[in-house]
Each structure stands twice: as C-alpha cells, then as structure tokens.
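Chain and residue survey
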Amino acid sequence: MDAKGLRERKKQETRIALSWAAIRLTVERGFDNVRIEDIAAEAGVSTRTFSNYFGSKGEAIVARHHDRARAIAEALRQRPGGEPIWTAITEAALTGFALGEPVTEGRPPERSWVEGLRLMVAEPALQGEFQKAGAAAETEIALVVAERTGTDAAKDVYPRLVAGVVGAALNTVTQQWLLSGRPQSMEELLRDVFGRLAAGLPEPR
C-alpha cells in the first residue's frame, strides 16, 4: 500500500474510533453527560482532531449509521447481476451488519448495553441526525437498485420505492433487536424481515 493509501486508512480508522467512542460513552453515561472532550480523550486524540472529522457529538454517534449504509450499498453493487433483487438486498444487508463491533468485541451484548443503546436511539437531540443519515442511505441504495434494474433513480419510482422499503426494514430490524425480550441474532432478524418482503409481505397466519 502506498503512502496515500496508508494515510486514508489511518484517517478512516480514526473516524471509526471517534464514532465508537461517542457511542460507547453515550450508552454508558447518557447523551447529555458526554462532551466532545470526553470523546476525543476516549479515542486518544485531540479535540481539534475530533473537529476535523465531525461537527458535533451527534454526527459522531450517527456516523456508524452512515458507514453501514455505504457498506450495504457497496455490497449490493457487488452482488451477481442475475440474482433476484430481494436476495441481493438481503445478502448485502447481512454484509453491512457484519461489520466488526469493537465495543462488544463479538460477544453477545449485555442487557445494560442494549438498554443504553435503546435510550441513545430514542434521544430527541439525535433524531435530526438519524433522519439525515436515513435519507442519505436511501439515496445511495436507490442509485444501486437503479443500476441493477436499468431504471433511473431520479425519474423512476421503482428504485426509490425499493430504497424506502429497505430503509424502513432496517429500522424495523434495529427496533426489534432493541426491544426483543430475548437475545436474537441480527442475521435471524434480517432474514426474517427481508424474507417477508421477498414473499410480498403476506399476512401472518
């Protein structure tokens, strides 16, 4: 890898470290009890470095959502061209959610961690950031769906409709995982939700 590539990788690693530090501290302390200085110190960088990546602690927290959306869109772009659209989307979503989670280091999350995440996601001060992230995610996914289906993301309803459904499905998966009374794997939930969509969303029996 050349020097430019190494710099870009280092920048990405710093961005991820800051985002996870923001999430971890918010889950542990609550949104109002976390300062930018705390996040920077947790990630081992200066507040100036934090400001080079994010304009607020809310942006840092929601950056993970952006990263996952980009990963899903890119994974969808890489799926075989002849694959049914909902199969491709399901596998792409699984790829996106398989991104490493350094906070729990691959272990099943503790109940206190899930409770903290639930409070963080519901934090009123973060709703605007989550909405912006969701809109950006839908735009990226719509572009890839348009590529796969030979449609126009700016003019045709299909890619935007699929992207909107995918966004709603991912939100449902996240909320179900947070609210479930028993531990469930994200893969189980994703396959369940996208399987229902692929089947035409039939009524429960």
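Per an unreviewed UniProt entry, the protein goes by DNA-binding transcriptional regulator, AcrR family and derives from Amycolatopsis pretoriensis.

Moving on, we come to the domain arrangement of the protein. Domain assignment breaks the protein into domain 1 (1-55) and domain 2 (58-199). In this assembly, 14 residues from domain 1 lie in contact with 20 residues from domain 2. For the pair domain 1 and domain 2, the summed buried area comes to about 1500 Å², and 73% of that belongs to carbon and sulfur atoms. The largest contributions to the domain 1 side of the interface with domain 2 come from Trp20, Val27 and Phe31, which together make up 44% of the buried area. At the boundary of domain 1 and domain 2, one finds one salt bridge. Residues Arg15 and Asp67 are paired through a salt bridge, measuring 2.5 Å at the closest nitrogen-oxygen approach.

A surface patch of nonpolar side chains, amounting to about 290 Å² of accessible area, comprises Val157, Tyr158 and Leu161. As for its position among the elements, Tyr158 is in helix H8 (residues 157-179). Take Tyr158: its relative accessible area is 33%, and that puts it in the partly exposed class.

One pass over the full model with this rule turns up 15 salt bridges. Note that Arg77 is salt-bridged to Glu147, the shortest N-O span being 3.1 Å. With Arg77 in helix H4 (residues 57-78) and Glu147 in helix H7 (residues 127-149), this residue pair connects regions lying 70 residues apart in the sequence. Arg77 sits in the partly exposed class, given a relative accessible area of 35%. Residue Lys132 is joined to Glu129 by a salt bridge in which the shortest nitrogen-to-oxygen separation is 3.6 Å. In this pair, Lys132 and Glu129 both sit in helix H7, three residues apart, roughly one turn of the helix.

The next point concerns the packing of aromatic side chains. Scanning the entire structure with this criterion turns up two aromatic pairs. Measuring from centroid to centroid gives 5.8 Å for Phe50 and Phe54, while their planes differ by 55°, and the two rings are tilted. Looking at Phe50, the relative accessible area reads 0%, which means it is buried. On the basis of relative accessibility, which here comes to 6%, the residue Phe54 falls in the buried class. The aromatic ring of Phe31 is capped on one face by Lys57, whose charged end is 4.1 Å from the ring centroid.

Right, let's get into the packing of helix H5 (residues 85-97) against H8. At a closest axis distance of 12 Å, the pairing of H5 and H8 adopts a crossing angle of 45°. With respect to H8, the axis of H5 lies oblique. In this structure, H5 meets H8 at a crossing whose hand is right-handed. Across from Ile85, Trp86, Ile89, Ala93 and Phe97 in H5, the residues of H8 making contact are Tyr158, Val162, Val165, Val166, Leu170 and Thr174. Residues that form the contact of H5 with H8 fall into these classes: ten nonpolar, one polar and no charged.

Taking 1.5 Å as the rise per residue, helix H1 (residues 3-29) with 27 residues should run 39 Å; its terminal C-alpha atoms sit 39 Å apart, in good agreement. Among the residues making up H1, those that are buried are Thr14, Arg15, Leu18, Ser19, Trp20, Ala21, Ala22, Ile23, Leu25, Thr26 and Val27. Summarising the contacts, the buried residues of H1 are in contact with helix H2 (36-43), helix H3 (47-53), H4 and helix H6 (111-122). Directly beyond the C-terminal end of H1, a positive phi value near 100° is found at Gly30.

Cut-off values and rules
- Residues numbered from 1 in each chain as written.
- Predicted model: local features only at pLDDT ≥ 70, side-chain atom pairs only at ≥ 80, totals over all residues.
- Heavy atoms only, no water.
- Domains from an automatic or database assignment.
- Contact = heavy atoms within 4.5 Å.
- Buried area = accessible area lost by both parts, 1.4 Å probe.
- Salt bridge = Lys/Arg side-chain N within 4 Å of Asp/Glu carboxyl O.
- Patch = residues over 30% accessible without salt bridge, like charges linked within 9 Å, V, L, I, M, F, W, Y side chains within 5 Å.
- Areas by Shrake-Rupley, 256 points an atom, 1.4 Å probe, with all protein chains shown as cover.
- Helix = DSSP H or I, 4+ residues; strand = E, 2+ residues; numbered from the N terminus.
- Buried < 20%, exposed > 50% of the residue type's maximum accessible area, 1.4 Å probe, protein only.
- Phe/Tyr/Trp six-rings, centres within 6.5 Å; stacked < 30°, edge-to-face > 60°.
- Lys NZ or Arg CZ within 6 Å of the ring centre and 35° of its normal.
- Axes fitted to C-alpha atoms, helices over the stretch in contact; angles between N-to-C directions.
- Parallel < 35°, antiparallel > 145°, perpendicular 65-115°, else oblique.
- Left-handed = near helix turned anticlockwise from the far one by under 90°.
- Nonpolar A, V, L, I, M, F, W, Y, C, P; charged D, E, K, R; others polar.
- Expected span 1.5 Å × (residues − 1).

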